[in-house]
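Single-letter residue listing:
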Amino acid sequence: RIACASRRVGTVELPRGPPMTGGATNYWTCAYLAVGVMITYFERNGFAVAMTVASDLHSYPQYVKGNVMSLFFVTYASTHLAGGALARRYGGLLVLRRMTACWLAFSLVCPFSTETLPLLRLCRLGIGLSQGLIFPSVHTLLSQMTTPSTRGHVVSVCISAIYLGSAVSTVTSPAIVSNYGPAAQTTAAALCAAAWLALSPLVSWPDEEVRVLSLASSARAGGGGGGACSWAADVPWLAMATHPAVLVMMFASFSFHVVAFFVMHWTPTFVTHVLGEELRQSTAVQALPWMLMYVVAVASGTMSDFAGARLGIRQARKLVCAVGLFAAAPMLLLLPGARSSSELYAINALVLMTSGFSRGGFSINHLDIGPAYAGVLQGYAGTMGNLAGIAATRVPGALLSLDPSDRAVWSTMASGLALLSVAAGVLFVAFAEGEVIFREHPKLYGSEGSDDAAAEREMEGVEMAEIGGLYGAAGKGAGGRSPGAADDESYSDTASVESVNLLRGRN
């Protein structure tokens, strides 16, 4: 049997099945997606190294360097929501492949000379736009490739590969740039992406063709009611943006990313100005926090699945998220009291590990409450993560502008971050959900009172009766359980593959 959700195409109900027959998770495909995510972050973090060296070689002013590096986030932060809607409309795989091809093309032509700065700026804008559309498409695919019992572990393995990419970049990018020049780093990232794309046809992907046709038909059936944005017309934007479960998920994402960005960006300042030491970290030490975050994030996702089988999805997500956020608070309070760089790095590792554990709750929850809109919901959470990056750099910069060596200021910031983590944990426990909230609803043709609409409703009843008859023959064959007793999935009906094919042939 496969889980099916029906959408109207003309006057025929075509079922949309899950990606892998039998409802099983294809772990090879998920591992392939994880490698793609890792390559994306290898490019992103590696460019910072390449740009730093290029600035020294070509004597760029610091404001030019900062401007070029920030252009990526201008388009990256503004495309997450659109990426979720596009992945729903055209299919996650199509968006993923094309956007990967786009950013690797921009990376291949990235120039670093003084004469080509305008082209470099354009390339960074293009790469930010492309990568901003990639992650919602990945989440859209993952929503079709996982079940509630495997969701935490698989999503953690795939998405937490961002930390692996950062770790690989931390270790390899300095050597690449120092030996072969800044352009070699962007070229290496592009070649990795090209190799990843070349292997794509060998991977088993979900069949999204029916879904794309159905959404296109829905847009036509509504008379183009979506206008220029018909590809996003069936997304309940306002309902999502105002639902408490989505809001607390966004707040938890903001809290986690504020803490992570604060630790990553301001640790060097604490070492040099408060401790009075030079930065002499080896690349292995710099990569260690990223590796620890990956290990802990995967462990939290696995534990979330384990707890979900015993406590239920909602309680499991709440438990894992709350434990991580609550545990991070006392670790943050230890930061201002560090007396040496070694002690500071150890505290940093504890902060990142505890806060990273919370990802097993909030970073998976969008797949629980709206798997059909997973990319869009991830867009909301991802946007908050990018806003957290801005807050984590600008607010501490303003507070430290007078005296960056004042431990009292550092204590104030650490206390604020600890309070933020506790507040996010409390709100997530209070308002998070584990059941499907946002479901797909097929659009009916014609007005409610028209003869066409009545005929279609009659046709729909006949089709459903036919499916019910086919269920009686095939659906109860496996274990005697009727398709109505489906597991906690996002799909509304269940049928056997044979039943679906039989109905298609009769129509």
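As a starting point, this report considers the structure included with it. All figures in this text were calculated on a predicted structure; none of them were measured in a lab.

Before going further, it helps to spend a moment on a nonpolar patch on the surface. Residues Leu108, Val109 and Leu191 make up a contiguous nonpolar surface patch of roughly 280 Å² in combined accessible area. Topologically, Leu108 is positioned in helix α4 (residues 92–108). Among the residues examined, Leu108 registers a relative accessible area of 46% and is labelled partly exposed.

The next point concerns the environment of Ile437. In this fold, Ile437 is placed in the loop between α17 (407–431) and α18 (451–474). Each C-alpha atom of the pair Ile437 and Gly370 lies 6.0 Å from the other, and the pair is 67 residues apart in sequence.

Turning our eyes to something else, we now look at the environment of Trp290. Examined against the element boundaries, Trp290 turns out to sit in helix α12 (residues 283–311). Spatially, the C-alpha atom of Trp290 lies 8.7 Å from that of Gly165, the residues being 125 residues apart in sequence. Leave out the neighbours within four places in its chain, and Trp290 touches Asn45, Tyr163, Ser166, Ala167, Thr170 and Met264.

Now for the pattern of salt bridges. Applying the stated rule across the entire model yields four salt bridges. A salt bridge links Arg151 to Asp368; the shortest N-O distance between them is 3.1 Å. Highlighted residues: Arg151 in helix α6 (residues 151–159) and Asp368 in helix α15 (residues 359–369), separated in sequence by 217 residues. Judged by its relative accessible area of 3%, Arg151 falls in the buried class. Look at the salt bridges and you will find they share partners, linking Arg151, Arg317 and Asp368 into a network.

Attention shifts here to the packing of aromatic side chains. One pass over the structure, following the stated rule, counts nine aromatic pairs. Summarising the aromatic geometry, the rings of Tyr163 and Trp290 are spaced 6.3 Å apart at their centres and angled 25° between planes, so their arrangement reads as stacked. In this pair, Tyr163 is assigned in helix α7 (residues 161–180) and Trp290 in helix α12, connecting sequence segments 127 residues apart. Accessibility classification places Tyr163 together with Trp290 in one group, the buried group. Here the aromatic residues Tyr32, Trp196 and Trp205 are joined through ring pairs into a cluster of three or more. Lying across the ring of Tyr76, Arg44 places its NZ or CZ 4.3 Å from the centre. The ring of Phe306 has Arg310 lying over it, and the distance from NZ or CZ to the ring centre is 3.7 Å.

The subject of this paragraph is the packing of helix α3 (residues 80–90) against helix α5 (residues 117–145). Two elements in contact, α3 and α5, have axes separated by 7 Å at closest approach and are oriented at 45°. For the element pair α3 / α5, the angle class is oblique. Handedness of the α3/α5 crossing: right-handed. Residue-level contacts link His80, Ala82, Gly83, Gly84, Leu86 and Ala87 of α3 to Gly132, Leu133, Pro136, Ser137 and Thr140 of α5. Residue composition of the contact of α3 with α5, grouped by class: five nonpolar, six polar and no charged.

This next bit is on the side chain of Asn348. With respect to the helices and strands, Asn348 occurs in helix α14 (residues 341–357). On the basis of relative accessible area, Asn348 is assigned to the buried category, the value being 5%. Excluding its chain neighbours within four sequence positions, the residues that come into contact with Asn348 are Val263, Thr267 and Leu335.

In a regular helix each residue adds 1.5 Å, so 17 residues correspond to 24 Å; helix α8 (residues 182–198) covers 25 Å between its end C-alpha atoms and thus fits that length. Within the sequence span of α8, burial applies to Pro182, Ala184, Gln185, Thr186, Ala189, Ala190, Ala193, Trp196 and Leu197. In this structure, the buried side of α8 is in contact with α1 (27–58), α4 and α7.

About the cut-offs
- Residues numbered from 1 in each chain as written.
- Predicted model: local features only at pLDDT ≥ 70, side-chain atom pairs only at ≥ 80, totals over all residues.
- Heavy atoms only, no water.
- Patch = residues over 30% accessible without salt bridge, like charges linked within 9 Å, V, L, I, M, F, W, Y side chains within 5 Å.
- Areas by Shrake-Rupley, 256 points an atom, 1.4 Å probe, with all protein chains shown as cover.
- Salt bridge = Lys/Arg side-chain N within 4 Å of Asp/Glu carboxyl O.
- Helix = DSSP H or I, 4+ residues; strand = E, 2+ residues; numbered from the N terminus.
- Buried < 20%, exposed > 50% of the residue type's maximum accessible area, 1.4 Å probe, protein only.
- Contact = heavy atoms within 4.5 Å.
- Phe/Tyr/Trp six-rings, centres within 6.5 Å; stacked < 30°, edge-to-face > 60°.
- Lys NZ or Arg CZ within 6 Å of the ring centre and 35° of its normal.
- Axes fitted to C-alpha atoms, helices over the stretch in contact; angles between N-to-C directions.
- Parallel < 35°, antiparallel > 145°, perpendicular 65-115°, else oblique.
- Left-handed = near helix turned anticlockwise from the far one by under 90°.
- Nonpolar A, V, L, I, M, F, W, Y, C, P; charged D, E, K, R; others polar.
- Expected span 1.5 Å × (residues − 1).

Read these as layout, nothing more, since geometry by itself doesn't imply function.
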